[in-house]
Amino acid sequence: MTGGPLAAPVATEFAAGVLRRRGVYKLKYDFASIEKKWQDIWEAQGTFAASNDYTKPKYYALVEFPYPSGQGLHVGHPRSYTALDIVARKRRFEGYNVLYPMGWDAFGLPTENYAIKNHIHPEKVTHDNVQRFKAQLKSLGLSFDWSREVNTTDPSYYKWTQWIFLQLFKRGLAYKKEMSVNWCTGCKVVLANEEVVNGVCERCGSEVVHKVKSQWMLKITEYAQRLLDDLDTVDYIDRVKISQRNWIGRSTGAQVHFGTTAGDTLTVYTTRPDTLFGATYMVISPEHPYIEKWADRIGNLDAVRAYQQESAKKSDFERTELVKDKTGVRLEGVCGVNPVNGAEIPIFISDYVLMSYGTGAIMAVPAHDTRDWEFAKKFGLPIIEVVQGGNVEQEAYTDCDTGVMVNSGMLDGLSVEEAKKKIIGWLSENKKGEPKVNFKLRDWVFSRQRYWGEPIPIIHCGHCGYVPLDESELPLRLPEVDSYEPTGDGDSPLAAIDRWVNVKCPKCGAPAKRETDTMPQWAGSSWYFLRYCDPHNDKELASKEALDYWMPVDWYNGGMEHTTLHLLYSRFWHKFLYDIGVVSTPEPYAKRTSHGMILGENGEKMSKSRGNVVNPDDIVRDYGADTLRLYEMFIGDFEKSAPWSQSSIKGCKRFLERVFGLLDCLEPGEAYSSALESALHKTIKKVTEDIESLKFNTAIAAMMSLLNDVCDHGKINAAELKTLLILLNPFAPHMTEEMWERAGFGGMLNGQKWPVFDPAKCRDAQVEIAVQVCGKIKARVMVDADCSDDQALAAAKARPEVARAIEGKTIVKEIVVKGKLVNIVAR
């Protein structure tokens, strides 16, 4: 029927509703051939390629690019991709030049571990995984602009990752620092905190100890305040903003200088300087350098050393867990001196205090902090209430952020806020402290002692120190290696390649060595959205013209698990690039949303071990890509997790089959019929608004309702079908494009304009209103939507139930809420 006349109506069968009730159709919905046909056409024609015509209005829709694992896609991936695909397709209908790109975040540990285990080069593993992922994505009919595909492992890409690092280094924002790291005694590698469980390596079970290693760091803390402040300028959902704010962790307080009986000063940061009179002990980190300095004074040094060794086996996460037994050792022979009253207080070492956070020392006020109270009770330490009513030991414990100061000398009788101001002033005047703004955010540890990552383009010279590679030598490519195994001393496998490591210093020409650490996986994903703007540029990471046109990203969607680190790191890099003039927007993403997970049918997270993983390839094979897309949008609230249901996906397929069957019943007509006009305008309004607010499930429900109205009416004309196909196209692009062609509507569906609703025609001709007598509902009545108050009252009083309720009574008041209710007050 392609390009031919409209199909003759099958009025008798259709009007009787047989098609709707029994699912009997003259046309077979052959989804497999239809989907393959249109995917081939779109690819051959470059249908979804973004234009380089920068005079057009633009829209940049972005989803997080995936890590291409060997397992391929799972059914959670299409949920995010389809959602933004719907937005991108709608924007094209609305006349925008749309950029909807895709690429691969392909460096990282899983690929390297697989390569080591199977003796395959990581590059080959990456290539095979990408090919599998790409084929799966294409099978879903996603409207990605594949001409802009990027891969973080491509030297033409990581050349610019290295270039950004060099700019950071040259401006003092990349530096090397000696720091404590987790060392697996079995794997002989440095582990992230998340890879240490109960003091052992999660992979091999060997003991993990702390070692001091020199690590590259990025000074993200320089941007902490801006990263916080600029959250007010972007449209992120609340839980994403909360996640960012909590991770940055801004607090205001004071830096307080405690004396010690050893003559040294112990500085602590506290948000509650008003409680200083209640500080009855101090705690320092087991790694605190004062322990070595005071070694000759500490009477129980053996016990201290034993505790230090035990602490070294724990990850930072384990050490700071709140729900754990409080442990520690008192330093015998050294005490702290409270600066406000001169009282000597004991000093403990305890593993819940980290040297990497703050000053590595805290003051403890056990009356007003649960953790301090538990510690004090265990070790028999004094507990002094300094905020009346705020003692954690009391049954009627109230928040110690409010209340009146007691047992606090100069602060007695003051409110908490008044006490904070007074004590900070006193500390400053007496040079025993100063006001301080602090951030929980730490500088970014940027080193990985691994092979499969971007080489860090730095050379270490014994005379010149750390020297940047000349930018003309970028990219610094990964060399071929015989083994991807880390070295026994924790260095990267690159350290074993003498010909690669040993070079001349770019500055003085003396013998020098390349940096052998590689960058973390976060590096390539911190700027990938910029490369999409101009992916084939070999002169710069992207042209200024392209960046000025496309940035910022208009809508970015991804998982909640990436709304802290990835979002924070990419915002940091973007702000840095803004500062050096590469980009012209201070924020990379104008809007950020996140999706809920798809769970197994039992409501549990999908995993191989539970045997509840659903492969999208199987769904596409058995039901079609359009059905999968539609179902994943219909499964429930997009921002919440939802369980998979095999029976529900069958219902989505039946809906598409019913829509396809409309071709058998199509009549001529270039205007909406009076019977369907209101329903069509309401559906246009609902789908238009719901797509913008991620309410895809209710948008689909509205189209299902419209289909029922069409079936009840018994026929559909060309104008009505065109509108339905355009509305459904972002959700089910293959089938709707096929129907458009078969109906002979001309051109391609995706080149049409989005329909516009008339608000006046979205209103019901009649509405049902409730009728109350003295506040109690007596009846419901249908009235014209635009009827007057008098007409509504007359209709209400005409109902027998209402007439009986007011008979013989005096009407005191008559209340009409237009379109909703009538309330008659009678006595």
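Everything numeric here is computed off the predicted structure, so don't read it as measured data.

Some details on empty space enclosed by the protein
No. 1: Per the counting criterion, the structure on display carries 3 cavities of 30 Å³ or more.
No. 2: Of the volumes computed, that of the largest cavity is approximately 60 Å³.
No. 3: Taken together, 13 residues form the lining of the largest cavity, with Cys 787, Ala 792, Val 816, Lys 818 and Gly 819 sitting closest to its centre.
No. 4: Every element with two or more residues in the lining of the largest cavity is listed here: β30 (776–784), α27 (789–797) and β31 (811–817).
No. 5: Here the residues of the lining of the largest cavity are counted per class, giving 8 nonpolar, 2 polar and 3 charged.

Concerning the domain arrangement of the protein chain
No. 1: Partitioning the protein chain into domains gives domain 1 (13–25 + 640–761), domain 2 (161–229 + 444–522), domain 3 (250–439) and domain 4 (764–826).
No. 2: With centres defined by C-alpha atoms, the gap from domain 3 to domain 4 works out at 69 Å.

Let's talk about unusual backbone geometry
No. 1: For the peptide bond that leads from Leu 474 to Pro 475, omega is 5°, which places it in the cis range.
No. 2: Mapped onto the elements of the fold, Pro 475 is located in the loop between β20 (465–468) and α15 (498–501).
No. 3: With omega at 5°, the peptide bond leading from Met 551 into Pro 552 counts as cis.
No. 4: Here Pro 552 lies in the loop between α18 (544–550) and β23 (555–559).
No. 5: The backbone of His 119 sits at a positive phi, close to 55°, despite the residue not being glycine.
No. 6: Along the polypeptide, His 119 turns up in the loop between α5 (109–118) and α6 (122–139).
No. 7: For His 119, a relative accessible area of 72% corresponds to the exposed category.

What to know about the pattern of salt bridges
No. 1: The tally for this structure, following the rule as stated, stands at 42 salt bridges.
No. 2: Here Lys 37 makes a salt bridge to Glu 741, at a shortest N to O gap of 2.6 Å. In this pair, Lys 37 is assigned in helix α3 (residues 31–45) and Glu 741 in helix α26 (residues 733–742), connecting sequence segments 704 residues apart.
No. 3: Take Glu 741: its relative accessible area is 22%, and that puts it in the partly exposed class.
No. 4: We note a salt bridge from Arg 592 to Glu 64, for which the minimum N-O separation is 2.9 Å. Here Arg 592 is found in strand β24 (residues 591–595), whereas its partner Glu 64 is found in the loop between β1 (58–63) and α4 (77–93), with 528 residues between them in sequence. In this structure, Arg 592 and Glu 64 share a single accessibility class: buried.
No. 5: Salt bridges here are not isolated pairs; linked through shared partners, they connect Lys 37, Glu 738, Glu 741 and Arg 742.

Considering α26
No. 1: For α26, the tally of buried residues reaches 9 of 10 residues, placing the bulk of the element in the interior.
No. 2: Buried residues of α26: Pro 733, His 734, Met 735, Thr 736, Glu 737, Glu 738, Met 739, Trp 740 and Arg 742, and no others.
No. 3: Looking at the packing, one finds that the buried side of α26 touches α3, α4, α21 (625–634), α22 (646–660) and α25 (718–728).
No. 4: Positive phi appears at Gly 744, one or two residues downstream of α26, with a value of about 70°.

Overview of the sheet that holds β31
No. 1: With respect to topology, 4 strands assemble into an open sheet ordered β30-β29-β32-β31, the strand pairing being mixed. Two strands lie at the open edges of the sheet, namely β30 and β31, each paired on one side alone. Ignoring which end each strand starts from, the neighbouring axes of this sheet average 20° apart.
No. 2: Contacts between α27 and the sheet are confined to β29 (766–773), β30, β31 and β32 (821–826), with β31 contributing the most and set at about 115° to the helix.

Regarding the nonpolar core
No. 1: Among the nonpolar cores identified, the biggest contains 174 residues, and Tyr 60, Phe 165, Leu 541, Trp 573, Trp 644, Leu 728 and Phe 731 are the most heavily contacted of them.
No. 2: Two domains share this core, each providing at least three of its residues, namely domain 1 (13–25 + 640–761) and domain 2 (161–229 + 444–522).

Structural notes on the pairing of strand β5 (residues 174–184)
No. 1: As judged from the 11 bridges shared by β5 and strand β9 (residues 208–218), these two strands associate in the antiparallel manner. Bridging from a neighbouring strand, Tyr 175 pairs with Met 217 of β9.
No. 2: As defined by bridge partners, β5 adjoins strand β6 (residues 189–191) across 3 bridges and the pair is classed as antiparallel. Paired with Cys 184 across the two strands is Val 189, which belongs to β6.

Quick notes on the packing of α22 against helix α24 (residues 696–713)
No. 1: Running from amino to carboxyl end, α22 crosses α24 at an angle of 45°, the nearest separation of the two axes being 11 Å. Put simply, α22 runs oblique to α24. Relative to α24, α22 is oriented so that their crossing is left-handed. For the pair α22 and α24, the contacting residues are Phe 655, Arg 658 and Val 659 in the first and Met 703, Met 704, Leu 707, Asn 708 and Cys 711 in the second.
No. 2: Here the residues of the contact of α22 with α24 are counted per class, giving 6 nonpolar, 1 polar and 1 charged.

So, the packing of aromatic side chains
No. 1: Enumeration according to the criterion identifies 46 aromatic pairs in this entry.
No. 2: Measuring from centroid to centroid gives 6.1 Å for Tyr 81 and Phe 144, while their planes differ by 75°, and the two rings are edge-to-face. Of this pair, Tyr 81 sits in helix α4 while Phe 144 sits in the loop between α6 and β4 (150–151); the two residues are 63 residues apart in sequence, bridging distant segments of the chain. Here Tyr 81 and Phe 144 have matching classes, each one buried.
No. 3: Pairwise contacts between aromatic rings join Phe 165, Phe 169, Trp 216, Tyr 223, Trp 444, Phe 446, Tyr 466, Trp 522, Tyr 569, Phe 572 and Trp 573 into one cluster.
No. 4: Positioned above the aromatic ring of Trp 146 is the side chain of Lys 138, whose terminal nitrogen or guanidinium carbon lies 5.8 Å from the ring centre.
No. 5: The ring of Trp 555 has Lys 591 lying over it, and the distance from NZ or CZ to the ring centre is 3.7 Å.

Looking at the confidence of the model for the protein chain
No. 1: Here the protein chain averages 90 in pLDDT, and 95% of its residues register 70 or above.
No. 2: Here residues 1–25 is a poorly scored stretch, pLDDT under 50, and it has 51 contacts once near neighbours within four places are set aside; other chains count.

Section: the state of the cysteines
No. 1: Inspection of every chain in the model, using the stated rule, returns 0 disulfides.
No. 2: The structure places no disulfide on Cys 711, whose sulfur is separated from the nearest cysteine sulfur, that of Cys 665, by 8.1 Å.
No. 3: Take Cys 762: it sits in no disulfide, and the sulfur closest to it among the cysteines is that of Cys 787, at 20 Å.
No. 4: Residue class for Cys 762 comes out buried when judged on its relative accessible area of 15%.

Rules of the game
- Residues numbered from 1 in each chain as written.
- Predicted model: local features only at pLDDT ≥ 70, side-chain atom pairs only at ≥ 80, totals over all residues.
- Heavy atoms only, no water.
- 1 Å grid on protein atoms, 1.4 Å probe; cavity = no way out; pocket = protein on both sides within 12 Å on 5 of 7 lines; lining within 4 Å.
- Points joined across faces, edges and corners; volume = space filled by probe spheres on them.
- Helix = DSSP H or I, 4+ residues; strand = E, 2+ residues; numbered from the N terminus.
- Nonpolar A, V, L, I, M, F, W, Y, C, P; charged D, E, K, R; others polar.
- Domains from an automatic or database assignment.
- Buried < 20%, exposed > 50% of the residue type's maximum accessible area, 1.4 Å probe, protein only.
- Salt bridge = Lys/Arg side-chain N within 4 Å of Asp/Glu carboxyl O.
- Contact = heavy atoms within 4.5 Å.
- Pairing = 2+ DSSP bridges.
- Axes fitted to C-alpha atoms, helices over the stretch in contact; angles between N-to-C directions.
- Core = buried A, V, L, I, M, F, W, Y, C linked by side-chain atoms within 4.5 Å.
- Parallel < 35°, antiparallel > 145°, perpendicular 65-115°, else oblique.
- Left-handed = near helix turned anticlockwise from the far one by under 90°.
- Phe/Tyr/Trp six-rings, centres within 6.5 Å; stacked < 30°, edge-to-face > 60°.
- Lys NZ or Arg CZ within 6 Å of the ring centre and 35° of its normal.
- pLDDT = per-residue confidence, 0-100.
- Disulfide = S-S within 2.5 Å.

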